[in-house]
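Now for the letters of each chain:
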Amino acid sequence: MTEENSEEIHPQVKSGRRFNPVWIVPLVALLLGLWLVKRSHDEKGELVTVRFKDAGDLAVGKTEVKCRNVTIGKLEDIVLTDKLNVRASLRIKPDHLHLIHKGSQFWVVRARVQGSSVSGLGTLISGAFIEVDPGALDSGDKRKFVGLETPPLTPRSVPGLRLVLEAEKPGSVGIGSGIYFRDTLVGKVESREFLVDEKIVRFGVFIEEKYAGLLTSQTLFWKTSGLKLDVGTEGFNLELPSLDSLVSGRISIDQPEDGAIGKPLADGKLTRLYNTEEEANVSRFKGGTEFLLLVDQSLRGLRAGAPIEFRGLKIGRVAEISYSLVEDPKIEEMPVLIQLDKRLLESNFPKNLTAGESDGFSEAISRKLRASIRSSSLLTGQMFVDIDYDPSAADVEQMKRGKYTVLPTVASG
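The residue numbers shown here count from 1 along each chain, following its written sequence. Confidence filtering applies because this is a predicted model: local features only for residues at pLDDT of at least 70, side-chain atom pairs given and counted only at 80 or more, and all residues used for totals across whole chains, interfaces and linings. Only hydrogens and water are set aside; all other atoms, that is, all heavy atoms of the structure, feed into the side-chain values.

Enquirer: Please clarify how the overall build of the protein should be interpreted in this entry.
Expert: Helical segments are the DSSP runs of H or I of at least four residues, strand segments are the runs of E of at least two, and each set is numbered from the N terminus. Of regular secondary structure, the protein possesses eight helices and 26 strands. Out of the 413 residues in the protein, the part that is buried amounts to 38%. In what follows, a contact means two residues having at least one pair of non-hydrogen atoms within 4.5 Å. Contacts in the protein between residues at least 24 apart in sequence constitute 66% of all its contacts with a sequence separation of at least 6. Per element, the accessible surface of the protein, about 24,900 Å² overall, is 53% carbon and sulfur. Think of it in three bands: with a 1.4 Å probe and only protein chains considered, a residue is buried below 20% of the maximum accessible area for its type, exposed above 50%, and partly exposed in between. Only the protein chains shown count as cover for residues, with accessible areas throughout obtained via the Shrake-Rupley method and a probe of 1.4 Å.

Enquirer: Looking at this model, I keep getting lost on the sheet that holds strand β17 (residues 250-254). Mind explaining?
Expert: Strand pairing in a sheet takes place through backbone hydrogen bonds and is either antiparallel or parallel in direction. Should DSSP find at least two bridges between two strands, the strands are regarded as paired. Read once around its circumference, the closed barrel built from seven strands follows the order β10-β13-β12-β11-β17-β14-β18, with strand pairing classed as mixed. Direction aside, the axes of adjacent strands within the sheet are offset by 35° on average. As paired elements, strand β12 (residues 184-195) and strand β13 (residues 200-208) share eight bridges and run antiparallel to each other. Bridge assignment links lysine 188 to a residue of β13, and that residue is phenylalanine 206. Working convention: axes come from line fits to C-alpha atoms, limited for helices to the stretch in contact. Angles between N-to-C directions cover 0 to 180 degrees.

Enquirer: Honestly, the nonpolar core in this entry has me stumped. Any pointers?
Expert: Side chains that are nonpolar tend, in soluble globular proteins, to be buried together. Each nonpolar core is a collection of buried residues, namely Ala, Val, Leu, Ile, Met, Phe, Trp, Tyr and Cys, held together in the definition by side-chain atoms within 4.5 Å. With 24 residues, the main nonpolar core has Leu302, Ile338, Leu340, Val385 and Ile387 as its most contacted residues. Those elements giving two or more residues to this core turn out to be β19 (287-295), β20 (307-310), β21 (313-321), β22 (334-341), α8 (358-366), β23 (369-375) and β24 (383-389). Setting aside its immediate chain neighbours within four residues, isoleucine 387 contacts Ile308, Glu309, Phe310, Arg311, Ile315, Ile338, Leu340, Leu369, Arg370, Ala371 and Leu407.

Enquirer: I would appreciate a short explanation of the packing of aromatic side chains in the present structure.
Expert: Describing an aromatic ring pair means giving the distance of the ring centres and the angle of the ring planes. Each pair of aromatic rings taken from Phe, Tyr and Trp, with Trp reduced to its six-membered ring, is defined by centres within 6.5 Å and is described as stacked if the planes are under 30 degrees apart, edge-to-face if over 60, and tilted in the remaining cases. Going through the model one piece at a time under the given rule, you end up with one aromatic pair. Between phenylalanine 106 and phenylalanine 145, the ring centres sit 4.9 Å apart and the planes meet at 50°, which makes this aromatic pair tilted. Separated by 39 residues along the polypeptide, phenylalanine 106 in strand β5 (residues 105-109) and phenylalanine 145 in strand β9 (residues 144-146) bring together distant segments of the chain. Assigned by exposure class, phenylalanine 106 and phenylalanine 145 land together as buried. By the criterion adopted, a ring carries a charge over it if an Arg CZ or a Lys NZ lies within 6 Å of its centre and within 35 degrees of its normal. One residue, lysine 66, lies across the ring of phenylalanine 129, its end atom 4.7 Å from the ring centre.

Enquirer: Would you explain the pairing of strand β4 (residues 86-92) in this entry?
Expert: The side chains of a regular strand alternate between both faces of the sheet. Within β4, six of the seven residues are buried, which leaves the element mostly enclosed by the surrounding structure. In the sheet, strand β1 (residues 46-52) pairs with β4 via seven bridges, with the strands oriented antiparallel. In the strand pairing of β4, threonine 49 is matched with serine 89. When strand β3 (residues 70-80) meets β4, the two strands line up antiparallel, connected through seven bridges. Counterpart to leucine 80 in the pairing with β4 is valine 86.

Enquirer: Can you help me understand the sheet that holds β4 in this one?
Expert: Spatially, the seven strands line up as an open sheet ordered β5-β8-β2-β3-β4-β1-β9, and their pairing is mixed. Looking at which strands have only one partner, the edges of the open sheet turn out to be β5 and β9. Averaged over all pairs of adjacent strands, the angle between strand axes in this sheet comes to 30°, irrespective of strand direction. Bridge count between β1 and β9: three bridges; the pairing is parallel. Bridge assignment links arginine 51 to a residue of β9, and that residue is valine 146.

Enquirer: Can you help me understand unusual backbone geometry in this one?
Expert: Only a minority of non-glycine residues have a phi that is not negative, and only a minority of peptide bonds are not trans. Of note, the phi angle at aspartate 57 is positive, near 70°, even though the residue is not glycine. Positionally, aspartate 57 belongs in the loop between β1 and β2 (64-67). When its relative accessible area of 52% is taken as the criterion, aspartate 57 is described as exposed. For asparagine 69, which is not glycine, the phi dihedral falls at a positive 65°.

Below you can see the structure in the form of structure tokens.
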């Protein structure tokens, strides 16, 4: 090779292309695939497991999960556990996962008949579904639950007042029974449970939010069920219940006779359910002053619990009628122990008499305050004790028999 030829031959070095347009297609395909996988995962949602006692009316892939009649998921799988419980796996849509919290409740909606309550008839055509009550939305996340076997009449997410009532003899009151305030429906009984150890029945009741302010610590609860005929000091009292009371019973509520106003009731408050309105009012009796009456006439028609009245206003009750109240074998009059209700005295009796109690009554006796046995009804023969001033009564000295102060009596004819 000559020197001229060696100078003419030189390699040409050029920089290669760093990115080949051919790779755009597979890169776009890869990104599209990842996006589709993520979208599919997001649309699929998350699994929530709920344990039931049985899988009646549930079908995998068909049974829907609903909240307020809006479908939020579907039943994906059912497994029988070693403890013979049914574990249902629910696929909840991503948009509705915020409804699932620690306070959430699940139950199967199917046709049910419980006492006077009939629900879920629409599922006879559409099929059963699983209902979700979200509960408190800030109670924390949770993905495993125990389902309710009996659905609540009112979901916990519905605002209102929830109380617990206890009764020894519940009668016909049961789930679905109405709660009435002066014949206005204000709530319902949601649950009924018999406590074996205590031998009482406990009711869970719900009061609508707009009526919750009517209930205070002084509110009385009593049963109203069936035909009621009372024969008392006022004569005969016949109450004909409504149709729903005959079928399922009802609970009545009201303020006590003295009109006392208490504090608002809090959720979960335990309250006594009385058998009758009279029993409820008697429970409010607040003992105060006691007097002994020595009566020299027939007491036919007078019984323990009979009212004590002052000019037509109730102020107490007859506590006991017995010779054992006085330790005197020669006594001829019949001893009658009366109790004056402190609350009723304050509202229905002159203030100058209740001030200082014993001193006030001593002055009243000296001003001829007397007691008499009177008939409240010629038809029933019921008697009551009337206390009033009698200007024609003879002057007597105040005396005591044992531990009781004697309130002088006058014949009622």
